[in-house]
Amino acid sequence: MSDTRRRVKVYTLNEDRQWDDRGTGHVSSTFVERLKGISLLVRAESDGSLLLESKISPNTAYQKQQDTLIVWSEAENYDLALSFQEKAGCDEIWEKICQVQGKDPALEITQDPIDESEEERFEEMPETSHLVELPPCELARLEEIADLVTSVLSSPIRREKLALALMSEGYMKKLLQLFQVCEDLDNREGLHHLYEIVRGVLFLNKAALFEVMFSDDCIMDVVGCLEFDPSLVQPKKHREFLTKTAKFKEVIPITDSELRQKIHQTYRVQYIQDIILPTPSVFEENFLSTLTSFIFFNKVEIVSMLQEDEKFLTEVFAQLTDEATEDDKRRELVNFFKEFCAFSQTLQPQNRDAFFKTLANLGILPALEIVMGMDDLQVRAAATDIFSYLVEFSPSMVREFVMQEPQQTDDDVLLINVVIKQMICDSDPELGGAVQLMGLLRTLIDPENMLAPTNKTEKTEFLSFFYKYCMQVLTVPLLASTVDEKNCKDNFQTAQLLALILELLTFCVEHHTYHIKTYIMNKDLLRRVLVLMNSKHTFLALCALRFMRRIIGQKDEYYNRYIVKGNLFEPVINTLLDNGTRYNLLNSAIIELFEFIKEDIKSLIAHIIDNYYKALESIEYVQTFKGLKGRYEQEKDRQTLRLNRSVRHHLPQTWTTRIEWRNYPDDEDEDEDEEQSPRKRPRLGS
């Protein structure tokens, strides 16, 4: 057999019934000695490595779908697919497969899959019983047809035979023509039978039937049949929604009729799967796997066709950023890109990388910078969704863009500052948009995704940029709300916003070390944050306390000296005392803070005992503060002992001998006196 090479993508079906892209290469059919037979080989176009080596088994059921797909199963729960770039290549490989199996290439499937429970019975059946005989396609026989379709669903072999029968002689199209007759006559019984028939045919899970049912001529009749569910008093109005309510908008005219048809088809099939069909039972859940694959490959094709049409995308970007573009038009353009990016999420990583690189090259980030700063809430929300796709795809790409901006623009219109301002100004009472934007900012400033070996300076450069140009914008609401301890803004929405900002700052303390430490000390930020311990909103007081806890958790003496010098435990202790003996989350969090300090932060232990123990010694429902006092005393004893040893070490030998000789007889008494003598409280942290 001759060796034929065609460009293909190799897919495997994962446990979630989604197709994973295994790579792009060229397929050939050739004899493989090791496998003892003709096999399909796919070699990667990038490096020639072997992506697929699959023997064409005489008993394997191969299916040809949508003219450019060949799908088969190699083992239980292991499905494979080859997606061809050209129909001619698919046809040629299909002929090779059929030649090996001795089948007619005109068929869409080469074998009848037979499960173990039916295999033995099937072998005993006479040849004529293999066929499913369909009643004539007439109104009077609809009930009989519906019963037949319903009865075969539990039998894999009968499903296959029924599918072959339905595909012959245009039977499916004749059935859908009967739907129009029944609807004209208002024949509810016939319409109910047609619902059962069409639903059952969808569960046959055959791509060849889908090609007929979802064609332009038939799909609205399919939707019409599915409106007449016998369990409903009144039929649904799905066709009315698809033709009148759901409007297809071409933001830029699409000249490719095939692309336009593919978009219409995909939307309608997705609507059938998500809206019309009831949630499948456990028994039925695998019956629609081919429908899922049909939608998946359609989306891949749509994204590829749009991506390759650079003229179309260039025009979209030009109108999006043009100041003369009307608001309604701009809204449609942004929503188009949002849908476009949502479609791209069905792609596998390699395809998605190429997609976003195309958008980046066309200038998606400068365009977003413009539209995210606009007053239109819908435009801003859609732009935020697009921005989230880009950040998720490549934080480094976004960081690289924003670091180039200061050379070209003012600080106020930097992309990250636009994002921060949008977060701060979110008008939603629940701050849904602000929460989303805070998550994006957190991703951008996370050092964990700045460790690419190709750019080792990214972390240093970006954090220096962020703290120079952006941090002061982020902290504006916090600093404005904590100028005056008595008159700080404390409404619920402001409290929510401050809590988000504190969450981000707490993340910075944990991950940025030097930059955030310098900022906290220069701005005396912890003092300002602790003003929020007085908030009537407990969640905000807890956020302020968590910020301090993260700072102390660094065990950094620079931070400790800053806290001691500013007496910054005072608002925390006042909150503890004001809380009284109430056992609540705030109380537990404060106690945990002191328990952590008690472990081994000597300078803070000394500061707390020296300055606040009188206020704390009456708290007896926990042993935390008595424990702090005990650690303080132990450390004082150690320091006294070290001091005595140091003094003895530096005295002349004759002095120490004389002292030791003189004190020798009373040595034990002297130790007892030391234990009983009053102690002063030195400032160990000073």
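Details of the structure are given in the entry above.
Residues numbered from 1 in each chain as written. Predicted model: local features only at pLDDT ≥ 70, side-chain atom pairs only at ≥ 80, totals over all residues. Heavy atoms only, no water.

### Overview of the overall build of the protein
Applied cut-off: What counts as a helix is a DSSP run of H or I of at least four residues, what counts as a strand is a run of E of at least two, and both are numbered from the N terminus. Burial classes: relative accessible area under 20% of the type maximum marks a residue as buried, over 50% as exposed, and values in between as partly exposed (1.4 Å probe, protein chains only). Per-residue and other accessible areas follow the Shrake-Rupley method at a 1.4 Å probe size, with only the shown protein chains counted as cover for residues.
Regarding its fold elements, the protein presents 33 helices and 7 strands. Among the 686 residues that make up the protein, the fraction classed as buried is 48%. Total accessible area on the protein stands at roughly 35,600 Å², and carbon and sulfur atoms take up 48% of it.

### Focus on helix H12 (residues 310-321)
In an α-helix, one full turn covers 3.6 residues, which means residues spaced three or four apart are oriented alike. Spelled out, the test is: Multiplying 1.5 Å by the helix residue count minus one yields the expected span of that helix. As used here, the arc is the angular range of directions from the helix axis to the C-beta atoms. Only heavy atoms enter the contact rule, under which two residues are in contact if any of them lie within 4.5 Å.
Spanning 12 residues, H12 covers 17 Å between terminal C-alpha atoms, matching the ideal 16 Å at 1.5 Å per step. Looking at H12, one finds that the buried residues are Phe-312, Leu-313, Val-316, Phe-317 and Leu-320. Within H12, the buried residues cover an arc of 130° as seen down the axis, which keeps them to one side. In H12, the exposed positions angled more than 90 degrees off the buried face are occupied by Glu-310 and Lys-311. The inward-facing, buried residues of H12 contact helix H11 (289-308), helix H13 (327-344), helix H14 (349-362) and helix H15 (364-372).

### Quick word on the nonpolar core
Here is the rule we go by: As used here, the term nonpolar core means buried Ala, Val, Leu, Ile, Met, Phe, Trp, Tyr and Cys residues forming a set that is joined through side-chain atoms within 4.5 Å.
Core analysis: the largest hydrophobic core is formed by 140 residues, its most contacted members being Phe-387, Phe-569 and Ile-597. Look past the residues within four positions of Phe-569 in its chain and what remains in contact with it is Met-548, Ile-552, Ile-563, Leu-593, Phe-594, Ile-597, Leu-604, His-607, Ile-608 and Tyr-612. Val-149, Leu-153, Leu-175 and Ile-276 belong to the second largest nonpolar core, which has 51 residues in total.

### As for H15
Across the 9 residues that make up H15, a large majority, 7, are buried. Looking at H15, one finds that the buried residues are Ile-364, Leu-365, Ala-367, Leu-368, Glu-369, Val-371 and Met-372.

### A short note on the packing of helix H20 (residues 458-469) against helix H24 (residues 514-523)
A pair of packed helices is captured by two measures, namely the crossing angle of their axes and the spacing between those axes. What counts, and what does not: To get an axis, a line is fitted to the C-alpha atoms, and for a helix only the part in contact is used. The angle between two axes follows their N-to-C directions and goes from 0 to 180 degrees. These descriptions rest on fixed angle ranges, namely under 35 degrees for roughly parallel, over 145 for roughly antiparallel, 65 to 115 for roughly perpendicular, and the rest for oblique. Two helices crossing with the near one rotated counterclockwise from the far one by less than a right angle form a left-handed crossing, whereas a clockwise rotation gives a right-handed crossing.
The interhelical angle for the contact between H20 and H24, taken along N-to-C directions, is 20°, at an axis separation of 10 Å. Our classification of the angle between H20 and H24 gives roughly parallel. The handedness of the crossing between H20 and H24 comes out as right-handed. Along its contact with H20, which presents Thr-460, Leu-463, Ser-464 and Tyr-467, the element H24 presents His-515, Ile-516 and Tyr-519.

### Details of the environment of Ser-388
We count it as follows: N or O atoms within 3.5 Å of each other form a polar contact, as long as, within protein, one can give a hydrogen and the other can take it, and as long as residues adjacent in sequence are counted only when both atoms are side-chain atoms.
Within the fold, Ser-388 resides in helix H16 (residues 377-393). Residues Ser-388 and Leu-441, spaced 53 residues apart in sequence, show a C-alpha to C-alpha distance of 9.9 Å. A polar contact of 2.5 Å, which involves the side chain of Ser-388, links it to the backbone oxygen of Asp-385.

### Observations regarding unusual backbone geometry
The phi torsion of most residues other than glycine is negative, and most of the peptide bonds are trans. Despite not being glycine, Asp-524 shows a phi value in the positive range, around 50°. Tracing the chain through its elements places Asp-524 in the loop between H24 and helix H25 (525-530). On the basis of relative accessible area, Asp-524 is assigned to the partly exposed category, the value being 26%. In this structure, Asn-567 takes a positive phi of about 50° despite not being glycine. Residue position: Asn-567 is located in the loop between helix H27 (557-565) and helix H28 (570-579).

### Examining the pairing of strand S4 (residues 50-55)
As a reminder of what qualifies: Between any two strands, pairing holds if DSSP finds at least two bridges.
In the sheet, strand S3 (residues 37-44) pairs with S4 via 5 bridges, with the strands oriented antiparallel. Bridging from a neighbouring strand, Leu-40 pairs with Ser-54 of S4. What sits between S3 and S4 in their antiparallel hairpin is a turn of 5 residues, with Gly-48 showing a positive phi close to 80°.

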